[in-house]
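Chain and residue survey
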Amino acid sequence: MVDFLKFLLAGHKDDDGKGGSHSANSSSSGVCQSSKKQRKARTAFTDHQLQTLEKSFERQKYLSVQDRMELAAKLSLTDTQVKTWYQNRSSETFITKIKDTIGKTFLSLE
């Protein structure tokens, strides 16, 4: 349990010092070289898109399908890109709350 808490507080790092996982079949570009379906390149959101997504997330933590489609159209993104961004942002918020709670618990024990 303590190791898991240390893992959460420190953040996951691979041997190369970067977060995330890398498969043996990936090239330096991060695209899978196997016979599986090629992954789409990572989306580089513009500042405007990120600001709009963040403002939308502050107002509304969960989007209906209709709202998601409208936001995607407004930002010239796909529905899936908006959905994925929201999932990642929600996960980031959840993990930050856990880290804060764990940190406060450890401080109160000292």
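In the block above lies the structure referred to throughout.
The sections below set out a description of the structure shown in this document. Small disclaimer: the values here were computed from a predicted structure and weren't measured. (Residues numbered from 1 in each chain as written. Predicted model: local features only at pLDDT ≥ 70, side-chain atom pairs only at ≥ 80, totals over all residues. Heavy atoms only, no water.)

A word on the overall build of the protein
Scanning the protein from terminus to terminus reveals 4 helices and 0 strands. Residues counted as buried form 18% of the 110 residues belonging to the protein. Counting contacts in the protein only where the partners sit at least 6 residues apart, residues at least 24 apart contribute 50% of the total. With an accessible surface of roughly 9000 Å², the protein has 54% of that area assigned to carbon and sulfur atoms. (Helix = DSSP H or I, 4+ residues; strand = E, 2+ residues; numbered from the N terminus. Buried < 20%, exposed > 50% of the residue type's maximum accessible area, 1.4 Å probe, protein only. Contact = heavy atoms within 4.5 Å. Areas by Shrake-Rupley, 256 points an atom, 1.4 Å probe, with all protein chains shown as cover.)

Remarks on the side chain of Ser56
Tracing the chain through its elements places Ser56 in helix H2 (residues 47-59). With relative accessibility at 6%, the residue Ser56 sits in the buried group. Those residues in contact with Ser56 that sit more than four places away from it in its chain are Leu63, Leu71 and Tyr86.

Regarding the packing of aromatic side chains
Geometry of an aromatic ring pair is reported as the spacing of the ring centres plus the angle between the planes. Taken as a whole and assessed by the stated rule, the structure comprises 3 aromatic pairs. Seen in terms of ring centroids, Trp85 and Tyr86 are 5.6 Å apart; in terms of plane orientation they differ by 70°. Their pairing is edge-to-face. The same class applies to Trp85 as to Tyr86, namely buried. Counting every residue linked through ring pairs, the aromatic cluster contains Phe57, Trp85 and Tyr86. (Phe/Tyr/Trp six-rings, centres within 6.5 Å; stacked < 30°, edge-to-face > 60°.)

Overview of the side chain of Arg68
By the secondary structure assignment, Arg68 is in helix H3 (residues 65-75). For Arg68, a relative accessible area of 14% translates into the label buried. Non-local contacts of Arg68, meaning those with residues more than four positions away in its chain, are made with Leu63, Asp79, Val82 and Lys83.

Structural notes on unusual backbone geometry
When glycine is set aside, most residues are seen to have a negative phi, and most peptide bonds are trans. Positive phi, normally seen in glycine, also occurs at Ser76, with a value near 60°. Along the chain, Ser76 turns up in the loop between H3 and helix H4 (79-109).

Brief notes about H3
Among the residues of H3, those classed as buried are Arg68, Leu71, Ala72 and Leu75. Projected onto a plane normal to the axis of H3, the buried residues spread over an arc of 100° and lie on a single side. For H3, the exposed residues set more than 90 degrees away from the buried face come down to Ala73 and Lys74. Trailing H3 by a residue or two, Ser76 shows a phi angle of about 60°, which is positive. (Arc of directions from axis to C-beta.)

What about the pattern of salt bridges?
Taken as a whole and assessed by the stated rule, the structure comprises 2 salt bridges. One salt bridge connects Glu54 with Arg89, and the closest N-O pair in it is separated by 3.1 Å. One end of the pair, Glu54, is in helix H2; the other, Arg89, is in helix H4, with 35 residues separating them in the sequence. With a relative accessible area of 27%, Glu54 lands in the partly exposed category. We note a salt bridge from Asp79 to Arg68, for which the minimum N-O separation is 2.7 Å. Here the residue Asp79 occupies a position in helix H4, and Arg68 occupies one in helix H3, the gap between them amounting to 11 residues. By relative accessible area, Asp79 is classed as partly exposed at 27%. (Salt bridge = Lys/Arg side-chain N within 4 Å of Asp/Glu carboxyl O.)

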